[in-house]
2 protein chains.
Amino acid sequence: VGEEAAIARIAAHIGRRSRLGDDGAWLTEPLPRGLVATVDSQIEDVHFRRSALSPGRLARRLVAVNASDLAASASVPRFGLLALAAPADFPVEAFSCAVVDALGEVGAELVGGDLARSDKVVATLTLLGEPVRSGPLLGRNQARSGDRLWIRGTPGLAALGCELMRRGGRWLEGRDPELPTGVPATLEELARSCLRTFFEPTPQLALGRELGGLARVAAIDCSDGLAKDLHRLAAASGVGIVVDEASIELPAPARELAHQLGLDPLEAVVGGGEDYLLLVATDQDLVGLGMRACGAVEAETGVRLRRANGAVATLPAAGWDHLGG
Amino acid sequence: VGEEAAIARIAAHIGRRSRLGDDGAWLTEPLPRGLVATVDSQIEDVHFRRSALSPGRLARRLVAVNASDLAASASVPRFGLLALAAPADFPVEAFSCAVVDALGEVGAELVGGDLARSDKVVATLTLLGEPVRSGPLLGRNQARSGDRLWIRGTPGLAALGCELMRRGGRWLEGRDPELPTGVPATLEELARSCLRTFFEPTPQLALGRELGGLARVAAIDCSDGLAKDLHRLAAASGVGIVVDEASIELPAPARELAHQLGLDPLEAVVGGGEDYLLLVATDQDLVGLGMRACGAVEAETGVRLRRANGAVATLPAAGWDHLGG
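Only a predicted model underlies this, so the values are computations on that prediction, with no experimental measurement involved.

S.K.: Give a description of the side chain of Asp221(A) that names residues and reports values.
M.R.: By the element assignment, Asp221(A) lies in strand E7 (residues 218–222). Here Ser68(A) takes part through its side chain, which lies 2.8 Å from a polar atom of the side chain of Asp221(A). With residues near it in sequence (within four places) discarded, Asp221(A) still touches Ser68(A), Asp69(A), Ala72(A), Asp229(A), Tyr276(A), Leu277(A), Leu278(A) and Asp23(B).

S.K.: Residues and numbers for the environment of Arg49(A), please.
M.R.: Residue and element names in this part refer to chain A. Structurally, Arg49 is set in the loop between strand E2 (35–43) and helix H2 (55–71). Separated by 31 residues in sequence, Arg49 and Ser18 have C-alpha atoms that sit 31 Å apart. With near-sequence residues (within four places) excluded, Arg49 lies in contact with Met165 and Arg166.

S.K.: Can you explain the pattern of salt bridges? Please cite residues and give values.
M.R.: Applying the stated rule across the entire model yields 62 salt bridges over all chains. Between Arg60(B) and Glu105(B) there is a salt bridge; the shortest N-O distance is 3.3 Å. With Arg60(B) in helix H2 (residues 55–71) and Glu105(B) in helix H3 (residues 92–105), this pair connects stretches of sequence that are 45 residues apart. Exposure remark for Arg60(B): the relative accessible area of 30% places this residue in the partly exposed category. The exposed category is assigned to Glu105(B), whose relative accessible area is 57%. Notably, a salt bridge pairs Glu163(B) with Arg167(B), separated by 2.8 Å at the nearest N-O pair. What emerges from the salt-bridge pattern is a single network uniting Glu3(A), Glu4(A), Asp224(B), Asp229(B) and Arg232(B).

S.K.: How would you summarise helix H5 (residues 188–199) of chain A if you had to cite specific residues and measurements?
M.R.: Helix length check: H5(A) (12 residues) gives 16 Å between terminal C-alpha atoms against 16 Å at 1.5 Å per residue, within 8%. Its buried side turned inward, H5(A) meets H2, helix H4 (157–166) and helix H9 (252–260) of chain A.

S.K.: Report on helix H7 (residues 226–237) of chain B, specifying residues and quantitative values.
M.R.: All names here are of chain B. Taking 1.5 Å per residue as the helical rise, H7 with its 12 residues ought to reach 16 Å, and the 16 Å between its terminal C-alpha atoms agrees with that figure. Counting buried residues in H7 gives 9 out of 12 residues, a clear majority hidden from the surface. Here H7 has its buried residues at Leu226, Ala227, Lys228, Asp229, Leu230, Arg232, Leu233, Ala234 and Ser237. Phi for Gly238, located one or two positions after H7, is positive at around 65°.

S.K.: With reference to specific residues and values, describe the interface of chain A and chain B.
M.R.: Listed per partner, the contact involves 63 residues of chain A and 63 residues of chain B. Residues Glu3(B) and Arg232(A) are paired through a salt bridge, measuring 3.5 Å at the closest nitrogen-oxygen approach. On the surface where chain A and chain B come into contact, there are 25 residue pairs in polar contact (both at pLDDT 80 or more). Elements with a contribution of two residues or more to the side of chain A that touches chain B: helix H1 (3–14), strand E1 (25–27), E2, strand E3 (75–86), strand E4 (109–117), strand E5 (122–131) and E7 of chain A. Top element by residues in the side of chain A that touches chain B is E2(A). It accounts for 8 residues. Looking at side-chain class alone, the side of chain A that touches chain B contains 28 nonpolar, 18 polar and 17 charged residues. Examined bridge by bridge, E2(A) and strand E1 (residues 25–27) of chain B share 3 bridges and lie antiparallel to one another. For Ala37(A), the partnering residue across the bridge sits in E1(B) and is Ala25(B).

S.K.: How would you sum up the sheet that holds E5(A)? Please name residues and give values.
M.R.: Pairing is mixed in the open sheet, where 5 strands are placed in the order E4(A)-E3(A)-E5(A)-E2(A)-E1(B). At either end of the open sheet lies a strand with only one pairing partner, and these are E4 of chain A together with E1 of chain B. Between one strand and the next, the sheet's axes are offset by a mean angle of 20°, whatever the strand orientation. In this sheet, E5(A) lies alongside E2(A) in antiparallel orientation, the contact comprising 8 bridges.

Cut-off values and rules
Residues numbered from 1 in each chain as written. Chains lettered and ligands numbered in written order. Predicted model: local features only at pLDDT ≥ 70, side-chain atom pairs only at ≥ 80, totals over all residues. Heavy atoms only, no water. Helix = DSSP H or I, 4+ residues; strand = E, 2+ residues; numbered from the N terminus. Polar contact = N/O pair within 3.5 Å; in protein donor to acceptor, adjacent residues only side chain to side chain. Contact = heavy atoms within 4.5 Å. Salt bridge = Lys/Arg side-chain N within 4 Å of Asp/Glu carboxyl O. Buried < 20%, exposed > 50% of the residue type's maximum accessible area, 1.4 Å probe, protein only. Expected span 1.5 Å × (residues − 1). Nonpolar A, V, L, I, M, F, W, Y, C, P; charged D, E, K, R; others polar. Pairing = 2+ DSSP bridges. Axes fitted to C-alpha atoms, helices over the stretch in contact; angles between N-to-C directions.

Given below as structure tokens:
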């Protein structure tokens, strides 16, 4: 199967509108508010194991983690470029067509790419989106002392899913997630849900677009661990953040699953990463957007955790460091 | 060295204008003619050997191969996004700063990226450029029967450079290219030039911008071998192409170097690839742009080679297949 034939079949899957084929992809539609651009990779044995994730699901994960960056930028996904390096036994066409489909589901089009051979799968997606507003007012540097901190969803479930994968959990095409041995029957459904959350996070695109309508809001997508991303938000804005443990701690069954997996429940929340939930700081009330207040922005720099008993402790910038190994 | 610190130092190298740091890069300048987007990777042991190419030169090569795609799209480089996966001993910061510098030399800015660990270096650059005209009229599908085929520069030298690298040639920072043993003294200067051409091709950006001013022109950057790229141009336009051997053959000293390296000189030209020269078909005279006619576009499909004695032979689509191994 040569490159030309593969590209022709991927173009056929895109349909008549396909722009694949030229040296550069011509994106000549009017873009009155410019673009927001992001790039993210999924690398075999770093982000996933091939035995644990089918190519189609990997494609969906790749699109989701990129789309999450656009959610944090109040942008609508428009154009994707896929650079794929993979071994000879990797189904390049099926994977690429799944990327086309996953892009389509968030409203975007595959417009270009690059194919190469390598020992391990390295899939890199560049995603270009159209911002719903014209200024970069949804950046990390927009938090102000007096703001409240907001979140929607449950940070930490992805960390449990990641540990389940490490122990042999997997999610193949056309099946339910499969658990490793040793998960108690009462926690099986929750554990499958954690695997789904880890393998295929849901980018909060609609929420990001709504946030784009606010006068001032700071946002970051929580991908590398709540603590680390809070530190980024605080540092970029030159403020401090106090997060309330009660509003971010895992529900009781998830705490039980964490213990079963040998994880500290709070550590899973603040250090786990891969949740792809938006963390937001603003002086607006966001209950109407389904968000809940989970902390406060203060003038005193640093990131702190307010425990259930009222004690406040420094929260170090743990979490995932992409260069840490 | 953590990720945050690395990004901060890369941002400092970019300077006060740096847009690094948010989840998505805000490219909100007016882009009245839209954008052209391209992506290309350089992969260790596929495109280069780390022992043969310093990180700084790899950075320049990565930018050059992407910029060449924009040259073929009559576009001015504007924004780059770098996804870099590399082992712990790879100098991520120095490499990234070299990408910033190389982008700056073609007028572009590093606006975003992604860092990760991997066993081998996989460097992927997405390059966004502004087209000098508003329609995709510089595509591969614009060749018409009766056009002449044009080229500037000497295809095949990069193939000699690639073979010299395979035999131990290398180009480290702050040095001249180093040759493998066995190159005759009279051919040493030429051989060093071939290594330079292979390792650091010069994208024909100014030529591409000039071509963008013509009424109709087909263009492709000759990266995967002249024969293969001629087939792509012919197929996309639904025409045939006859290329004249006399106008593309290597000069005598390069033919001699090819023989010394055990390569067929004609095969180096038509099958070698990595030259990054623009191949152009148009009914205009392009001598004024420094190009020379090297063939003709015909109604009869297929790609043919007119030998020096006037005989015409089918030219198969040999050359580099990215999925071929």
